[in-house]
Amino acid sequence: EAAVPFHGARQAGVTAPQQPATHLLSFDLPQTSTAVGRKALRNVLGALTGTLATAASDAPRDPRLQGGGTTRLASLVGIGPALAARLDLNVPASLEELPRFPGDRLDPRRSNGDLLVQLCAADRWTLTVVAELVGGAAQAAGAVPRWTQSGFLPHTAPGTTPRNLFGTKDGTANPDHAAAEQWVWGPPGAHGNGTVLVYRRIRMDVTGFAALSENRRDRAIGRRTVDGVALSGTAEHDEPDVYAKNPDGSYVIPATAHVRLASPRFDGGARMLRRSYSYDDGPTDRGLLFCAFMRDAAQFTRVQNRLAARDALTPFLQHRASAVAYVLPGAASTGTLGEQLWR
Ligand code: HEM
């Protein structure tokens with residue numbers, strides 16, 4: 001397997017095949033005058049570009065990354081809404097923090113931040129080493145670490161959908177290339193190669209959900225646990241038909257099923273690209289690192305408002321952390337991440 005190229009019009013961490021392990025790092029920049037802050041941000045983005053490009057290359061300099069296998073490192077760097085406002089950066093006008101949702105119990109020490117870096121790789125070792133290099137470079141340039149979070153996926157054959165800790169296939173109904181151009185990447189122009197990442201750390205009551213009968217679990221999701229097929233369909237990639245009815249008039253995909261309430265049918269077709277990972281931070285703290293990319297985070301807000309109110313999964317979930325970031329366009333081979341930010 002070849003290394004994932006770092007350089008390109010778009011950052012690799014958004015669409016490179018999902019890797020088994022992820023690590024998120026959030027940083028703040030000290031509050032300063034706009035001019036000083038902009039200079040600091042330029043330095044940090046320069047340092048991150050150099051560090052990530054070298055770490056992803058076929059010949060990483062760090063001996064700890066020279067084990068012989070391919071690290072498959074793919075990364076992305078994003079800008080938080082507060083920093084964009086403070087430094088008057090050229091980001092999509094719609095970039096802002098998410099509103100509070102019913103049931104949110106967010107830990108501010110694990111949420112938000114001025115800069116977000118997501119690393120994905122073939123193994124945890126690579127992530128630990130690269131996270132240290134990234135953290136070192138960012139701090140030397142003036143950034144202050146805020147939080148980190150690691151996550152993982154089950155071992156899955158290429159092209160198949162990984163499962164989450166409820167045991168259900170997660171990531172089936174993702175947008176194809178054409179839909180992603182419309183709903184995930186920015187509109188053609190300055191932000192056409194950027195996107196917005198919504199991150200939620202969602203604690204899952206794995207034991208409670210497992211205690212439900214298989215039928216109830218399937219109806220809570222709206223898809224069969226065993227093969228991920230929608231209750232209205234016959235193959236995993238058949239789109240859930242939210243209008244299909246049983247002979248008695250009830251919906252085949254129940255009114256409170258997750259895939260019904262999250263359906264793009266109720267959002268004028270709007271889709272998000274979900275690339276979630278699981279996390280395990282102790283015996284009672286396991287769940288999903290929900291990671292989704294979209295043109296405008298308002299789309300997440302619409303879906304999450306429906307889910308928080310009615311989703312059959314909601315009694316088994318607790319949203320504990322949250323972040324939004326504008327994922328920058330990629331860097332050309334001679335360029336630096338964030339060149340489009342300055343106006
Ligand atoms: C679909 C699980 C949270 C949005 C699905 C599916 C599963 C699932 C199993 C069906 C398979 C698939 O298409 O990927 C979960 C779990 C969650 C969670 C366990 C929490 C721990 C969320 C949140 C949102 C969301 C917070 C957004 C606010 C969606 C969307 C779909 C989906 C948009 C696709 C609907 C479709 O097009 O059919 N989720 N999900 N999910 N989920 Fe979630």
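Residues numbered from 1 in each chain as written. Predicted model: local features only at pLDDT ≥ 70, side-chain atom pairs only at ≥ 80, totals over all residues.

As recorded by an unreviewed UniProt entry, the protein carries the name Dyp-type peroxidase and is attributed to Streptomyces pulveraceus. Recorded in UniProt for the protein, the comment headed Sequence similarities (unreviewed entry) runs: "Belongs to the DyP-type peroxidase family." (UniProt positions renumbered as here; feature names shortened; annotations may be inferred.)

1. Observations concerning helix α4 (residues 124-140)
An ideal rise of 1.5 Å per residue puts 24 Å on 17 residues; α4 measures up with 24 Å between its terminal C-alpha atoms. Inspection of α4 places T126, L127, V130, L133, V134, A137 and A138 among the buried residues, and these make up the whole buried set. The arc that holds the buried residues of α4, viewed along the axis, is 135°, so those residues lie on one side. In α4, the exposed residues that point more than 90 degrees away from the buried face are E132, G136 and A140. (Helix = DSSP H or I, 4+ residues; strand = E, 2+ residues; numbered from the N terminus. Expected span 1.5 Å × (residues − 1). Buried ≥ 20, exposed ≤ 12 C-beta atoms within 10 Å, placed from the backbone. Arc of directions from axis to C-beta.)

2. A look at the UniProt feature "domain: Dyp-type peroxidase C-terminal" (unreviewed entry) in the protein
UniProt's entry tags residues 161-330 with the feature "domain: Dyp-type peroxidase C-terminal" (unreviewed entry), counted in the numbering of this structure. In this annotation, residues 161-330 is assigned 22% helix and 21% strand; the end-to-end C-alpha distance for the span is 27 Å.

3. Section: the nonpolar core
Judged by nonpolar contacts, the single largest core of 94 residues is most densely connected at L48, V196, F293 and M294. In terms of residue count, the dominant contributor to this core is helix α2 (residues 34-56) (eight residues). Ignoring any residue separated from it by four or fewer positions in sequence, one finds M294 in contact with W183, V184, T195, V196, V198, M272, Q299 and F300. (Core = buried A, V, L, I, M, F, W, Y, C linked by C-beta atoms within 7 Å. Contact = placed C-beta atoms within 7 Å.)

4. Considerations on the UniProt feature "domain: Dyp-type peroxidase N-terminal" (unreviewed entry) in the protein
As annotated by UniProt and renumbered to match this structure, "domain: Dyp-type peroxidase N-terminal" (unreviewed entry) occupies residues 11-152. The annotated region residues 11-152 carries 35% helix and 21% strand content, and the separation between its end C-alpha atoms amounts to 20 Å.

5. Side note on the environment of F290
Locating F290 in the fold gives a position in strand β8 (residues 286-294). In this structure, the C-alpha to C-alpha distance between F290 and R201, residues 89 residues apart in sequence, is 6.3 Å.

6. Examining the packing of α2 against α4
Taken N-terminus to C-terminus, the directions of α2 and α4 make an angle of 155°; their axes are 8 Å apart at the nearest point. In terms of their interaxial angle, α2 and α4 are classed as roughly antiparallel. Relative to α4, α2 is oriented so that their crossing is right-handed. In contact with V44, A47, L48, T51, L52 and A55 of α2, α4 contributes V130, L133, V134, A137, A138 and A140. Of the residues belonging to the contact of α2 with α4, the class tally is 11 nonpolar, one polar and no charged. (Axes fitted to C-alpha atoms, helices over the stretch in contact; angles between N-to-C directions. Parallel < 35°, antiparallel > 145°, perpendicular 65-115°, else oblique. Left-handed = near helix turned anticlockwise from the far one by under 90°. Nonpolar A, V, L, I, M, F, W, Y, C, P; charged D, E, K, R; others polar.)

7. Some remarks on the pairing of strand β9 (residues 317-327)
Counted residue by residue, β9 has nine buried out of 11 residues, so it is predominantly covered. Note: strand β5 (residues 195-204) against β9, 10 bridges, orientation antiparallel. In the strand pairing of β9, I202 is matched with H319. (Pairing = 2+ DSSP bridges.)

8. Topic: the site of the ligand
The ligand sits among 29 residues. The nearest are T168, T172, A173, A262 and L288. Elements that contribute at least two residues to the shell around the ligand include exactly β5, α8 (258-261), β8 and α9 (298-310). Ranked by residues supplied to the shell around the ligand, first place goes to α9 with four residues. Among the residues forming the shell around the ligand, the class breakdown is 17 nonpolar, eight polar and four charged. (Near = placed C-beta within 6 Å.)

9. Description of unusual backbone geometry
Residue R72 is not a glycine yet carries a positive backbone phi of 55°. Here R72 shows up in the loop between α2 and β2 (74-79). C-beta crowding within 10 Å serves as the criterion here: with 21 such atoms nearby, R72 is assigned to the buried category. Unlike most non-glycine residues, D88 shows phi in positive territory, near 50°.

10. So, the pairing of β2
Counting buried positions along β2 gives six out of six residues, so the element sits mostly inside the fold. The alternating pattern of β2 places A74, L76 and G78 and S75, V77 and I79 on opposite faces, both of which are buried. Pairing geometry for β2 and strand β3 (residues 115-121), over six bridges, is antiparallel. Opposite G78, over in β3, you have L116 as the bridge partner. As paired strands, β2 and β9 are joined by two bridges and run antiparallel to one another. When the bridges of β9 are listed, I79 appears paired with Y326.

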